[in-house]
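# Summary of structural features
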Amino acid sequence: MDKNGNKSQDLILFGPPGAGKGTQSELLCERLGLFHLSTGDILREAITKGTETGKLAKQYTDSGRLVPDEIVVKIVEEKVGGVGGNGGVLFDGFPRTLPQAMNLDEVLERGGRHIKWVISILVDDDKIISRLEGRRMCRQCNRIYHVATNPPAKEGICDVCGGELFQRNDDRREVIQERLKTYYAQTQPVLDHYRKKNLLKEVDGAKDPQELSRQILAIIA
Ligand code: AP5
C-alpha cells in the first residue's frame, strides 16, 4: 500500500517502437517486483503457438499495424484479473488507442486499482531505426539484446536462459517505418488522456538504460 492508502502501484510505460519500454520493464520489474504485462510479448507467444488469436494478430504485427482493440482488450482483462491484491502491474505497450485507454480505466476501477504514473519515453526516429534493426530477442525468456550496444556473451545465445536469439519479423526497416507512422497517428494522441489526469511524466530515452531506470525509479518514489 502506498502513503495514500492506495492498493496497487500500476504503471504504464509509453513510447514509440524501440523507445526502450521492454528494456526498462525488465529493470523495473526486477527491482520493484511488478507484474510485467506486455501485449507485444503476449501476441508474439500466441503467434508462435499458432492459436486463432495468433493467426489473426500476425497479419497486423507483420505489417506494422495495430491488432484490433477488442482482441487486445480481452487479453489485458484476463491478465489483470489474474493479478492478486496488492501486486502492481507494469503495462508495456498498452494502451495504444483511446478506446484501449478508456477500457483500462474501467478494468482498473472495477478491480480497485489505479494508475500511479504514465512514463512516456522520448526518443527520436533515427535512433529508433538503428536500435530496432540491431535488436535481438530471446525466444524463451524475451530478454532483449542489441548486436552492437548490448550483445550477448555468446553470439545468438541468451545469457540468462541459454535460449536462441532471433530477429523479430517486424524489425525490418520498411515495417519499422509503418510502426512509427501507426504510433504517431494512433498511439501518441493517447498521451492527452493521461496529461489531462495529471499522470504523465516524460523521460529522455536517449540516456543509458541504467541511468534512465534510476530516473524512472526516482519518479515512482
Ligand atoms: P510491441 O512488441 O509492444 O512493440 P513496440 O511497442 O513497437 O515496442 P518494441 O518492443 O519494438 O520496443 P521497446 O520500446 O520495447 O524497445 P526495447 O526495450 O526492445 O508490439 C509489437 C506489435 O504488436 C505492434 O506493432 C502491434 O502490431 C501489436 N501490438 C502490441 N500491443 C498492442 C496494442 N496494445 N494494441 C494493438 N496492437 C498491439 O529496445 C529496442 C532496442 O534498443 C533493443 O535492442 C535495446 O537493447 C535497445 N535499447 C533500449 N534502451 C536503450 C537505451 N536507453 N539506449 C540504447 N539502446 C537501448
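Above this text is the structure in question.
Calculation rules
- Residues numbered from 1 in each chain as written.
- Predicted model: local features only at pLDDT ≥ 70, side-chain atom pairs only at ≥ 80, totals over all residues.
- Heavy atoms only, no water.
- Disulfide = S-S within 2.5 Å.
- Buried < 20%, exposed > 50% of the residue type's maximum accessible area, 1.4 Å probe, protein only.
- Pairing = 2+ DSSP bridges.
- Helix = DSSP H or I, 4+ residues; strand = E, 2+ residues; numbered from the N terminus.
- Patch = residues over 30% accessible without salt bridge, like charges linked within 9 Å, V, L, I, M, F, W, Y side chains within 5 Å.
- Areas by Shrake-Rupley, 256 points an atom, 1.4 Å probe, with all protein chains shown as cover.
- Salt bridge = Lys/Arg side-chain N within 4 Å of Asp/Glu carboxyl O.
- Lys, Arg positive; Asp, Glu negative; His and termini not counted.
- Charge placed at Lys NZ, Arg CZ, Asp CG, Glu CD.
- Near = heavy atom within 4 Å.
- Polar contact = N/O pair within 3.5 Å; in protein donor to acceptor, adjacent residues only side chain to side chain.
- Nonpolar A, V, L, I, M, F, W, Y, C, P; charged D, E, K, R; others polar.

### Let's talk about the state of the cysteines
Under the counting rule described, the total for this entry stands at zero disulfides. Here Cys 29 is not cross-linked by a disulfide; its sulfur's nearest cysteine counterpart is in Cys 141, at 14 Å. Of all cysteine sulfurs in the structure, the one in Cys 138 sits closest to Cys 161, which takes part in no disulfide; the separation is 3.5 Å. Assessed through its relative accessible area of 33%, Cys 161 is described here as partly exposed.

### A few points about the sheet that holds strand 6 (residues 144-146)
If you walk across this open sheet you meet the three strands as 6-5-7, and the pairing is antiparallel. Taken across any chain shown, the strands that pair with only one partner, and hence form the sheet edges, are strand 6 and strand 7 (165-166). Taken together, the two bridges between strand 5 (residues 135-138) and strand 7 define a ladder with antiparallel strand orientation. Residue pairing for strand 7: Cys 138 is matched across the bridge by Leu 165.

### Comments concerning a negative patch on the surface
Together, Glu 77, Glu 78, Glu 106 and Glu 109 make up a negatively charged patch on the protein surface. Those elements that place two or more of their residues in the negative patch are helix 4 (69-81) and helix 5 (98-110).

### Focus: the site of the ligand
Around the ligand, 33 residues are found, and the nearest of them are Thr 23, Arg 65, Arg 96, Arg 135 and Arg 179. Arg 65 is positioned such that a nitrogen or oxygen atom in its backbone is 2.6 Å from an oxygen atom of the ligand. In the model, a nitrogen atom of the ligand is placed 3.2 Å from a nitrogen or oxygen of the Arg 131 side chain. When the ligand is considered free in solution it has 1,000 Å² of accessible area, and contact with the protein chains removes 95% of it. When residues of the shell around the ligand are traced back to their parent elements, those giving at least two are helix 1 (21-32), helix 2 (39-49), helix 6 (125-133) and strand 6. Residue composition of the shell around the ligand, by class: twelve nonpolar, eleven polar and ten charged.

### Regarding the environment of Ile 47
In this fold, Ile 47 is placed in helix 2. When its relative accessible area of 24% is taken as the criterion, Ile 47 is described as partly exposed. Here the alpha-carbon distance between Ile 47 and Leu 66, two residues 19 residues apart in the chain, equals 15 Å.

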